Amino acid sequence: MPAVTPDSPSGWTPDSWQSRAAVQQPAYPDAAALRQVLDQLAHLPPLVTSWEVNHLREQLAEAQAGRQFVLQGGDCAESFADCESAIIANRLKVLLQMSLVLVHGLRRKVVRIGRFAGQYAKPRSADTETKHGVTLPCYRGDLVNAPEFTVAARTPDPHRLLEGHKRSALTMNFTRGLIDGGFADLHHPEYWNLDWVQHVPHANEYRERVEAIGESLRFFETLAGQTISDFNRVEFFTSHEALLLCAEAAQTRRVPRQPGWYNLSTHFPWIGMRTAAVDGAHVEYCRGIRNPIGVKISPSMSTEWVLQLCRILNPDNEPGRLTLIHRMGAGKVTQHLPGLVDAVRGAGHRVLWMCDPMHGNTQTAGNGLKTRAFSDILSEIEQSFAIHADCGSRLGGVHLELTGEDVTECIGGARDLSEDDLRRAYRSAVDPRLNYEQALELALRIVSIRGAA
Ligand code: PEP
Ligand code: CO
């Protein structure tokens, strides 16, 4: 009898995570209602396809080899209320514009990954919240419960899983439609909002870069006799934190003529810092799926921990399979990153390295609001590029929390937003995001840093 090639790792099934400690999971009071919803989720059409997932893995392998750069960005937490056309279009717009700046400045293709169409569940620091002597379950994101401090709102409701699936599908559908339908006109800087540029010391450099992008496109279009959108179909992938394991497992499927199991709710699930225990349920679930996987790496994780994650999540050293997303903080990255990069390389693990310059740089402003300084975000990216280069490694991408809206959540940037500005348009229910201008400015700064390197 011919040997049967196992198509999933030994001992793994879509539910094998249930035998491990699963932190950050809600306690659903109605188990029968949950089972019924999960059964529906398992039968609804998926949000992505296995060939898109495989294609992303190949693109990430290219980024690992230094031929592409990854831009991953979106909200900290999507909310059901923000599933509306202008918010989706503006977020896509800023991501596409940033990617064009990066393509032009880094001279590399850019892999675009949205942190949306499913980023509805959040890890929390405590399971419960107490106010005026009343203790309720914490808010875990719109996929689980609602933020209001009442018993009804905070009780985990499985029907939200279906609502989340629906809103993720609406978001994907609109995003795919915008991309297919010439939204790529955005390629042309004439349409960009650049009023903010006059406020920065680098104004001339930025104007020249944006003008150069426009010139390059006009030259190409004249030569080709086609518009850039006719020629180059923009590719876009989605990602979210693989947190709520019952829902992730319900959307984990086999597909015809492909070995293995795919999580078809997103292209690129990642494991958050709080759920990265090597013997925990999240790592167990993720080790068996064919999707490329990201893992957040924080300063509290030991080198041995990271090496074990590499062994468990990518035992065959498959290119593009594993992305390590370090989020150390501007003040800690020099201390923690070099040893880690050396150790991973020394052990022969091939990974893609990305920098999340957001989550290690959160601070509380004088008025109690959570914020992040543009200068810290930029500094962590700048230091990360240099550290990788010094270690003979390569920073292959950035992971950002941003929105296309004019919010005031992060301080600094071209308009030098102060702590007093934060109240004006602070909309995030969770972490502070870069606004449209700060996000575009960050892309332009990344390109100047690299130009200078
Ligand atoms: C996040 O990406 O929103 C998040 C919670 O990150 P981390 O797991 O790195 O803290
Ligand atoms: Co966040």
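A quick note: this is a predicted structure, and the numbers were derived from the prediction, not measured.

Caption draft 1: Expanded view of the overall build of the protein. When helices and strands are tallied, the protein shows 13 helices and 14 strands. Against the 2.2 N^0.38 benchmark of 22 Å for 453 residues, the protein shows a C-alpha radius of gyration of 22 Å, consistent with a compact globule. Contacts in the protein between residues at least 24 apart in sequence constitute 77% of all its contacts with a sequence separation of at least 6. Measuring between centres, the 47 positive side-chain charges of the protein sit 4 Å from its 52 negative side-chain charges.

Caption draft 2: The arrangement of unusual backbone geometry in detail. At Gln-24, a position not held by glycine, the phi torsion is positive, near 65°. By the secondary structure assignment, Gln-24 is in the segment before helix 1 (31–43). Phi at Asp-416 takes a positive value of approximately 50°, unusual for a residue other than glycine. In this structure, Asp-416 sits in the loop between strand 14 (395–401) and helix 13 (436–452). We classify Asp-416 as exposed; its relative accessible area is 56%.

Caption draft 3: Quick peek at the packing of aromatic side chains. By the definition in use, this model includes 5 aromatic pairs. Judged by centre distance (5.8 Å) and plane angle (20°), the rings of Phe-116 and Phe-236 are stacked. Of this pair, Phe-116 sits in the loop between strand 2 (109–114) and strand 3 (128–131) while Phe-236 sits in the loop between helix 7 (228–231) and strand 5 (237–241); the two residues are 120 residues apart in sequence, bridging distant segments of the chain. When its relative accessible area of 1% is taken as the criterion, Phe-116 is described as buried.

Caption draft 4: View of the site of ligand 1. Taken together, Cys-76, Arg-115, Lys-122, Pro-123, Trp-270, Gly-272, Met-273, Arg-274, Lys-296, Arg-327, His-359 and Glu-401 make up all the residues around ligand 1. Within the side chain of Arg-327, an N or O atom sits 2.7 Å from an oxygen atom of ligand 1. Against a free-state accessible area of 300 Å², the protein chains account for coverage of 97% of ligand 1.

Caption draft 5: Here's a closer look at the coordination of the cobalt ion (ligand 2). Here the cobalt ion (ligand 2) is held by Cys-76 (SG), His-359 (NE2), Glu-401 (OE) and Asp-431 (OD), and the distances to it run 2.1 to 2.3 Å. Mapping the donors of the cobalt ion (ligand 2) onto the primary sequence yields the spacing C-x282-H-x41-E-x29-D. Placement of the pair is Cys-76 in the loop between strand 1 (68–74) and helix 3 (85–106) and His-359 in the loop between strand 11 (352–355) and strand 12 (363–364), with a sequence separation of 283 residues.

Caption draft 6: Highlighting the nonpolar core. Core analysis: the largest hydrophobic core is formed by 59 residues, its most contacted members being Met-98, Leu-434 and Leu-442. Listed by contribution, the elements that provide at least two residues to this core are strand 1, helix 3, helix 5 (159–180), helix 6 (203–224), helix 12 (374–390), strand 14 and helix 13. It is helix 3 that contributes the most residues to this core, 10 residues altogether. In this structure, Met-98 is in contact with Leu-71, Leu-400, Leu-402, Ala-439, Leu-440 and Ala-443, ignoring residues within four places of it in sequence. With 35 residues, the next largest nonpolar core counts Ile-297, Val-306, Cys-310 and Cys-391 among its residues.

Caption draft 7: View of the packing of helix 11 (residues 333–346) against helix 12. At a minimum axis separation of 10 Å, helix 11 and helix 12 run at an interaxial angle of 35°. In this structure, the crossing between helix 11 and helix 12 has a hand that is right-handed. Across from Val-333, Thr-334, Leu-337, Pro-338 and Val-341 in helix 11, the residues of helix 12 making contact are Glu-380, Gln-383, Ser-384, Ile-387 and His-388. For the contact of helix 11 with helix 12, the per-class residue count stands at 5 nonpolar, 4 polar and 1 charged.

Caption draft 8: Main features of the sheet that holds strand 2. Within the closed barrel, the 8 strands sit side by side as 1-2-5-8-9-10-11-14. Their pairing is parallel. Strand after strand, the sheet turns through a mean of 30° between neighbouring axes, direction not considered.

Caption draft 9: Seen up close, the environment of Tyr-262. Tracing the sequence through the fold places Tyr-262 in strand 7 (residues 262–263). For the pair formed by Tyr-262 and Arg-287, sequence separation is 25 residues and the distance between their alpha carbons is 11 Å.

Caption draft 10: Helix 11, seen in detail. The end-to-end C-alpha distance of helix 11 is 19 Å, a good match for the 20 Å that 14 residues give at a rise of 1.5 Å each. Along helix 11, the positions that sit buried rather than exposed are Val-333, Leu-337, Leu-340, Val-341, Ala-343 and Val-344. Down the axis of helix 11, the buried side of the element spans an arc of 170°, and every buried residue falls inside it. Within helix 11, the exposed residues directed more than 90 degrees away from the buried face are Gln-335 and Gly-346. Elements that come into contact with the buried residues of helix 11 comprise strand 9 (293–297), helix 10 (303–313), strand 10 (322–326), strand 11 and helix 12. Immediately downstream of helix 11, the backbone of Gly-348 shows phi near 80°, a positive value.

Caption draft 11: Region of the structure containing the side chain of Ser-384. Structurally, Ser-384 is set in helix 12. Within polar-contact distance, the side chain of Ser-384 engages the backbone oxygen of Glu-380 at 2.7 Å. Excluding residues within four positions of it along the chain, Ser-384 makes contact with His-326, Val-333, Leu-337, Cys-355 and Leu-395.

Rules used in this analysis
- Residues numbered from 1 in each chain as written.
- Chains lettered and ligands numbered in written order.
- Predicted model: local features only at pLDDT ≥ 70, side-chain atom pairs only at ≥ 80, totals over all residues.
- Heavy atoms only, no water.
- Helix = DSSP H or I, 4+ residues; strand = E, 2+ residues; numbered from the N terminus.
- Rg over C-alpha atoms; globule rule 2.2 N^0.38 Å.
- Contact = heavy atoms within 4.5 Å.
- Lys, Arg positive; Asp, Glu negative; His and termini not counted.
- Charge placed at Lys NZ, Arg CZ, Asp CG, Glu CD.
- Buried < 20%, exposed > 50% of the residue type's maximum accessible area, 1.4 Å probe, protein only.
- Phe/Tyr/Trp six-rings, centres within 6.5 Å; stacked < 30°, edge-to-face > 60°.
- Near = heavy atom within 4 Å.
- Polar contact = N/O pair within 3.5 Å; in protein donor to acceptor, adjacent residues only side chain to side chain.
- Areas by Shrake-Rupley, 256 points an atom, 1.4 Å probe, with all protein chains shown as cover.
- Donors = N, O, S within 2.8 Å, 3.2 Å for Na, K, Ca; no water.
- Core = buried A, V, L, I, M, F, W, Y, C linked by side-chain atoms within 4.5 Å.
- Axes fitted to C-alpha atoms, helices over the stretch in contact; angles between N-to-C directions.
- Left-handed = near helix turned anticlockwise from the far one by under 90°.
- Nonpolar A, V, L, I, M, F, W, Y, C, P; charged D, E, K, R; others polar.
- Pairing = 2+ DSSP bridges.
- Expected span 1.5 Å × (residues − 1).
- Arc of directions from axis to C-beta.

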